[in-house]
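The residues making up each chain are set out below.
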Amino acid sequence: MKDLNYTLFDVVELKKEHPCAKRSKLFQVVRLGADLKIRCLGCGNLILISRDTFNHRLRKIVSHHDKEIVV
C-alpha cells in the first residue's frame, strides 16, 4: 500500500507526466478536499484532479514542505 499521508504544499511525483514543454512528473499540492489542486513544477499550471484519481496516479511523496514553492 502506498503512503497516502500527503499534506498541503508537499511535492509529489505522479505516474503520468504533465503535457507541458518540460514534461515534469513533479507537482505541488496547493489545495486539499474532495478534489485536489496541484501545480506543475515544470510550467506552473494548476490542475484540478479528483482525490481517487490522484491517489491512483501517486507514485511517491518527494518532500514535505511548510510553505508554497513559487514557479
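J.: Looking at this structure, how should I read the overall build of the chain?
T.: In terms of helices and strands, the chain carries 1 helix and 5 strands. When its helices and strands are written in sequence order, the chain yields β-β-β-β-α-β. Counting every position in the chain, which comprises 71 residues, the buried fraction comes to 32%. For the chain, the share of sequence-separated contacts (at least 6 apart) that also reach a separation of at least 24 residues comes to 46%. Split by element, the accessible area of the chain, about 4600 Å² in all, is 51% carbon and sulfur.

J.: Looking at this model, I keep getting lost on the side chain of His18. Mind explaining?
T.: With respect to the helices, strands and loops of the structure, His18 is situated in the loop between strand 1 (11-14) and strand 2 (26-31). Ignoring sequence-local partners within four residues, the contact set of His18 consists of Arg23, Ser24, Phe27, Cys40, Cys43, Asn45 and Ile47.

J.: What exactly am I supposed to notice about the sheet that holds strand 2 here?
T.: The strands that make up a sheet are held in pairs by hydrogen bonds between backbone atoms, and each pair lies either parallel or antiparallel. Strands sit in the order 4-3-2-1-5 across an open sheet of 5 strands; the sheet is antiparallel. Two strands in the sheet have a free side with no partner beyond their single neighbour: strand 4 (46-50) and strand 5 (58-63). Ignoring strand direction, the axes of neighbouring strands in this sheet form an average angle of 40°.

J.: Can you walk me through the packing of aromatic side chains in this structure?
T.: Here a ring pair, both rings aromatic, is described through the centre-centre distance and the interplanar angle of the planes. Under the criterion given, the structure shown has 1 aromatic pair. With centroids separated by 5.0 Å and ring planes inclined at 75°, the aromatic side chains of Tyr6 and Phe54 adopt a geometry described as edge-to-face. Here Phe54 lies in helix 1 (residues 51-57) and Tyr6 lies in the segment before strand 1, a separation of 48 residues in the sequence. For the pair Tyr6 and Phe54, a shared accessibility class is recorded, and that class is buried.

J.: Is there a simple way to think about the pattern of salt bridges in this case?
T.: Between side chains of opposite charge, pairing is possible as soon as their charged atoms come close. Taken as a whole, this structure holds 2 salt bridges when the rule is applied. Here Glu13 makes a salt bridge to Lys60, at a shortest N to O gap of 3.8 Å. Taken as a pair, Glu13 in strand 1 and Lys60 in strand 5 lie far apart in primary sequence, 47 residues in all. Taking relative accessible area as the criterion, Lys60 reaches 46% and is therefore assigned partly exposed. In this structure, the salt-bridge partner of Arg23 is Glu17, at a minimum N-O distance of 3.5 Å. Under the relative-accessibility criterion, Glu17 is labelled partly exposed at 39%.

J.: What's the story with the nonpolar core in this structure? I'm lost.
T.: For soluble globular proteins, nonpolar side chains are generally found buried alongside one another. Ranked by size, the top nonpolar core spans 13 residues in total, and within it Val12, Leu14, Ile38 and Phe54 carry the most contacts. Looking at this core, the elements with two or more residues in it are strand 1, strand 2, strand 3 (35-40) and strand 5. Per element, the largest residue contribution to this core is 3 residues, and it comes from strand 3. For Ile38, the residues in contact, after removing those within four places along its chain, are Leu14, Phe27, Gln28, Val29, Val30, Asn45, Leu46, Ile47, Ile49 and Phe54.

Calculation rules
- Residues numbered from 1 in each chain as written.
- Predicted model: local features only at pLDDT ≥ 70, side-chain atom pairs only at ≥ 80, totals over all residues.
- Heavy atoms only, no water.
- Helix = DSSP H or I, 4+ residues; strand = E, 2+ residues; numbered from the N terminus.
- Buried < 20%, exposed > 50% of the residue type's maximum accessible area, 1.4 Å probe, protein only.
- Contact = heavy atoms within 4.5 Å.
- Areas by Shrake-Rupley, 256 points an atom, 1.4 Å probe, with all protein chains shown as cover.
- Pairing = 2+ DSSP bridges.
- Axes fitted to C-alpha atoms, helices over the stretch in contact; angles between N-to-C directions.
- Phe/Tyr/Trp six-rings, centres within 6.5 Å; stacked < 30°, edge-to-face > 60°.
- Salt bridge = Lys/Arg side-chain N within 4 Å of Asp/Glu carboxyl O.
- Core = buried A, V, L, I, M, F, W, Y, C linked by side-chain atoms within 4.5 Å.

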